[in-house]
Amino acid sequence: MATTITKTETLVGKRIRRQEDPRLITGTATYVDDIKMPGMHHACILRSPHGAAKIRSIDIKPAQDLPGVAAVFTGKDVEGVGPVPCGASLPGLRVPPHAILAKDRVYFIGHPVAVVVATDRYIAADALDLIEVDYEPLPTVTDPEKALAAGAPAVHPEWPDNTAFLYHQEGGDPETAFKEAEVVVKQRITSQRLIPTAMETRGVVAEYRSAEKSLTLYSSTQIPHLLRTLVSQMLGLAENHLRVITPEVGGGFGSKLNVYAEEALMGFVAMKIGKPVKWIESRRENFQCTIHGRGHVDYYEVAAKRDGTVLGLRLKLIQDLGAYHQLLTPAIPTLSVLMMPGLYKFRNVTADIVGVFTNCVPTDAYRGAGRPEATHGIERMMDLLAAELKMDPAELRLKNFIGKDEFPYATATGLSYDSGNYAEPLKKALDLVDYHKLRQEQKQAKASGRLLGVGISTYGEICAFGPSPATPAGGWESATVKIEPSGKVTVMTGASPHGQGEETTFAQIAADELGVPIDDVIVVHGDTAVVQYGIGTFGSRGTAVGGPAVYYALQELKKKIRKFGEMLLETTDVTVSGGQCVDNRTGKSVSLAQIAGASYRAMKLPPNTEPGMVATYFWEPPNFAFPFGAHIVVSEVDRETGHVEIKRYVAVDDCGNIINPLLVDGQVHGGVVQGLGQALYEQAVYDDDGQLITGELMDYAIPKASMVPWIESSHTITPSPVNPLGVKGVGEAGTIGCSPAVVNSVVDALSHLGVKHIDMPMTPEKLWNLVHQGGQA
Amino acid sequence: MIPQNFEYSAPGNLRDALALLAGGNAKVLAGGMSLIPLMKLRLAAPEHLVDLGRVADLKSIREEGGTIRIGATATHYDIESSPLVRGKCPLLAEAASNIGDVQVRNMGTIGGSIAHADPAADYPASFLALEAQVRIASAKGERTVTIEQFLVDALTTALEPGEIVREIIVPVEPANAGVSYQKMVQPASGFAIVGAAARVRKSGGKVAFVRVGVTGLAAKAFRATGVEKLLEGTSGSPADVQKAAAVVSDGADANTDLHASASYRLQMAKVYTARALTQALSRAS
Ligand SMILES: Cc1cc2nc3c(=O)[nH]c(=O)nc-3n(C[C@H](O)[C@H](O)[C@H](O)COP(=O)(O)OP(=O)(O)OC[C@H]3O[C@@H](n4cnc5c(N)ncnc54)[C@H](O)[C@@H]3O)c2cc1C
């Protein structure tokens, strides 16, 4: 037995490079499309070219006859497969039957109609061209407000009002608040449809072993276990005969937090043809058939006193749902309502949501999912109120923030904000931009004709989803930590990280708790046959819910380590540190390898202790976590062209304790870039015939590196009391904080022209029109 | 996003390439930056591709008798980085450096760009300002046409079946000239919403020579002779520039799309023409 060599350096809090990067940057990672199997076939999907149509007939014969084609399936072949599931439930929700292939009607452009399976992808694509579908095109409606108008085409003939649900939520006494208000400001605010555009499109490989009746699905998904549960139901397959593996996932942003028709369809095909089958989504399919995000038309009213005290908030929210519900489609706008008061003391709120069917692909969770819309709304409204009262927007915010001593704070929408100090990041951001000097510079700039603006957004978000009663599928997360006989550590997380970097952060946590080098730890995830049941990665929950599960599993494991340590050291008082178990009295120690070895060899066991060195923990969070922050943007509009230049972008985010600042920077940067995309460039545009005009990257503008400003990112730290790590979540914060800051800055730049509000994206042409037509768009 | 079957040939010399193209259903492949996406979307389905990438000497950039001759398969990167082009025809180097992104500039070729004749492509503005000539070759022989003859309409050129672009011929810029290419970028594709190329020379305090080419505004790029006439002979003051640029859109049938309406494009053509002229004047000595 050696004496202790204590590993003093702790890893949590350090800028550690990502463990997952070497395989990603050397191109050796395995994505779905890298999977090849003997006898593997390839599927291509025939999709509707119409926004709405009846299918009179389908002739698949010419496609079947093409040499190399193994099978062609249409809607009637898959009648035995269950519907694409909607996991959200709301009172009175209308749920259209959502078959995996259309039968007699199509509802949006790209709606799957038939699948061809062939020996290679080229033959499958050729065969698609040979299928003859006789469509009877029908009138379409793609704009949610038009869909609500009398006489609009009915997306689903059984519901001519195109209304999927109505939802009302109220808190306090909004009626009185508005009656007693000294000022009321109103604004229609849209959050346009966005296309998530993960770098890797979706893809599935399905392999069926008939003798074992077992199906393996490789899918680019954020939720392997939920996918297994739901797809097994769709296919009528025993859940334990379905294995879901998520190889590398090249971005999800919520678009892979879903169960898609193609996932069940490939399972169906593999079972039918008895051969492995691969389907890889093209970019065009990704744009047409993978969920979109946002799609709000919001009508806001804020009631306030003349001194700026906010009294009441009223929202009518029109949610463009698309033609169907995907997994969480109708639930997303309810998150907007929950977060609509933002960081302010609104005691009286009322909201009505109308969920509207349109002939478009469904909307669902996209980075921020409901919270960017809410933040955009309230942060625009605070600026409108400030303008109305001729108050400084920073001052108005500071006046109405929930105070730092008021936590936990019960909101009028029924949430309990865990912890916060909302003034701090705003003050820090104001200092960073030197706010008062900046306002003077702005005055001078405007006097000389320049259109310089300063925009503030102070956001709060709900994340770390979440306590199970508040979620559709369980809000806990699981972890197993094993010490292998050699002393090496394996962490298995039920979260399914796909770019967030938890292979690194979880390894940091484990390395610190056990006192071992980070390279002794590996983090395994994304295989339902290997990893215990888990929920997945979305809603900024990976570290905030998955992290504590790892932490608690480690505590369980340490109890066992101590028992074996005490036995081996023949003592009763030990500490686990530095990869050792140390006798506190003598300083003698045994290594984790010795302890693990003893636990597996099991020559002798401590009292009431089983062999092995494994601990599993399912952690249920007591509450959500609520990160917050302040973003300030300085922008200038080119008077001649309407082009916006972001001159400064300052982000001060508070995500609680920071496990790895490098990864947090990455999340903030990526989030801000997607927020900039919404503010300035992106919009999914359908024409009145249901065609997706922005059907490819040549027309749908996502920001490229050269279009992104320098992002000055810093933090305040207010630990969350809801978990032992004190962490919140930061995956979506950048996106949530960004778009209102950018829009507020541009409105500020043009305010002297009478501009009060601008809908996104703020294209140069839109701004040019505002500048040249005296503030009228 | 999967093309149909096609034959592929990669001849090593021009004669073989032209012979293959004389056959009828063959299509030229250069950088593939425009053609391959069309094939993947099955909007183009050529039976036979003749890749010019291995044709000897077709990539060369050389000076000859007061002109720069640029081989059709010279890439945008070859052009932007060529000391000869940068030194003696800086407008073209500037235009090339404004195309797309690094990957596109590494693959895409000058011949492919001009043959494709996208109305939003960058080069044509400069070609028009440079009064470039296009040397065309086929199995039957050769001919040389002016750029204005070459550009017929959106996606339509004077090329006959079996013909390829062999060279683009531009003049050597005098040392005292000032040039500039200014472009409003379509944020998704990187192409020009409008792009204006200007070449100017000054003499005795006056603007002695002006050439302006405009791309992106209309179905095909055009030379803005109205602007040239108004500016020539003036002192080139900011007011002169504005006045001249103001007529750039006269008579133009402007494109309209998701990214810019016709009326906005017409305005932007004026702004970018003025910017190109201003910068060109500041660079002229
Ligand atoms: C993402 C992206 C961004 C882009 N951005 C820009 C931009 O900002 N500005 C811009 O101007 N362009 C842009 N382009 C287009 C780019 O410049 C292409 O390189 C160019 O249009 C085509 O050149 P190529 O060599 O790739 O031709 P190919 O794609 O190989 O061929 C294009 C067409 O020309 C024909 N062809 C090719 N060479 C010859 C020849 N020598 N003689 C006769 N016919 C020939 C082919 O048969 C085909 O019909 C962009 C392209 C992409 C993919």
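Parameters and conventions
Residues numbered from 1 in each chain as written. Chains lettered and ligands numbered in written order. Predicted model: local features only at pLDDT ≥ 70, side-chain atom pairs only at ≥ 80, totals over all residues. Heavy atoms only, no water. Domains from an automatic or database assignment. Contact = heavy atoms within 4.5 Å. Salt bridge = Lys/Arg side-chain N within 4 Å of Asp/Glu carboxyl O. Pairing = 2+ DSSP bridges. Helix = DSSP H or I, 4+ residues; strand = E, 2+ residues; numbered from the N terminus. pLDDT = per-residue confidence, 0-100. Buried area = accessible area lost by both parts, 1.4 Å probe. Polar contact = N/O pair within 3.5 Å; in protein donor to acceptor, adjacent residues only side chain to side chain. Nonpolar A, V, L, I, M, F, W, Y, C, P; charged D, E, K, R; others polar. Near = heavy atom within 4 Å. Areas by Shrake-Rupley, 256 points an atom, 1.4 Å probe, with all protein chains shown as cover. Core = buried A, V, L, I, M, F, W, Y, C linked by side-chain atoms within 4.5 Å. Buried < 20%, exposed > 50% of the residue type's maximum accessible area, 1.4 Å probe, protein only.

Caption draft 1: Layout of the domain arrangement of chain A. Residues and elements named next belong to chain A. Here the domain parsing of chain A yields domain 1 (21-28 + 476-619), domain 2 (32-138 + 201-249 + 256-289) and domain 3 (296-466 + 623-772). Using C-alpha coordinates to define each centre, domain 2 is positioned 37 Å away from domain 3. Taken together, the contacts link 31 residues of domain 2 with 25 residues of domain 3. The salt bridge involving Glu-696 is made with Arg-284; its shortest N-O contact spans 2.6 Å.

Caption draft 2: Quick peek at the pairing of strand E2 (residues 53-59) of chain A. Residues and elements named next belong to chain A. Bridge analysis of E2 against strand E4 (residues 105-106) gives two bridges, and the strand direction is antiparallel. By the bridge assignment, Ala-53 is partnered in E4 with Val-106. Across six bridges, the pairing between E2 and strand E6 (residues 132-137) is antiparallel. Across the sheet, residue Asp-59 finds its bridge partner in E6, namely Glu-132.

Caption draft 3: Molecular detail of the confidence of the model for chain B. Looking at chain B, the pLDDT average stands at 97 and 100% of residues meet or exceed 70. For this predicted complex, the interface score ipTM comes out at 0.96, while the overall pTM is 0.97.

Caption draft 4: Inspection of the interface of chain B and chain A at higher detail. The interface of chain B with chain A comprises 23 residues on the first partner and 27 residues on the second. Approximately 2,000 Å² of surface area, both sides summed, lies buried where chain B meets chain A, with 62% of it carried by carbon and sulfur atoms. Across the contact surface, chain B and chain A share four salt bridges. The shortest N-O distance in the salt bridge between B:Arg42 and A:Asp126 comes to 2.7 Å. Put simply, chain B and chain A have eleven residue pairs in polar contact (both at pLDDT 80 or more) between them. If you tally residues by element for the side of chain B that touches chain A, the top one is helix H12 (residues 262-283) of chain B, at six residues. The residue makeup of the side of chain B that touches chain A, split by class, is 14 nonpolar, seven polar and two charged.

Caption draft 5: Structural detail: the pattern of salt bridges. Tallied over the full model, the rule gives 65 salt bridges over all chains. The salt bridge partner of A:Asp21 is A:Arg18, with a shortest N-O separation of 2.9 Å. The residue B:Glu173 makes a salt bridge to B:Arg199 at a minimum N-O spacing of 2.9 Å. A residue pair is termed long-range when its members are at least 10 positions apart, and B:Glu173 in the loop between strand E10 (164-171) and strand E11 (178-185) and B:Arg199 in strand E12 (residues 192-203) qualify at 26 residues.

Caption draft 6: Representation of the site of the ligand within the structure. Neighbouring the ligand are 32 residues, the closest being B:Val28, B:Gly32, B:Thr109, B:Asp122 and B:Gly190. Surrounding the ligand are residues belonging to chains A and B, so the site spans chains. Within the side chain of B:Lys27, an N or O atom sits 3.0 Å from an oxygen atom of the ligand. One nitrogen or oxygen atom from the main chain of B:Gly100 is found 2.8 Å from an oxygen atom belonging to the ligand. A total of 960 Å² of accessible area belongs to the ligand in isolation, and the protein chains cover 93% of it. Of all the secondary-structure elements, those providing two or more residues to the shell around the ligand are strand E2 (26-29), helix H7 (110-116) and E10 of chain B. The element contributing the most residues to the shell around the ligand is H7(B), with five residues. Residues of the shell around the ligand, tallied by class, amount to 16 nonpolar, 13 polar and three charged.

Caption draft 7: Region of the structure containing the nonpolar core. Residues A:Ile100, A:Val115, A:Leu265, A:Met266, A:Phe346, A:Leu385 and A:Tyr417 are the most contacted members of the largest nonpolar core, which totals 134 residues. Ranked by residues supplied to this core, first place goes to helix H10 (residues 371-389) of chain A with eight residues. With residues near it in sequence (within four places) discarded, A:Ile100 still touches A:Val78, A:Val81, A:Gly82, A:Val84, A:Pro112, A:Met234, A:Ala261, A:Ala264 and A:Leu265. Counting 47 residues, the second-largest nonpolar core is a separate cluster that includes B:Ile68, B:Ile70, B:Ile147 and B:Val179.

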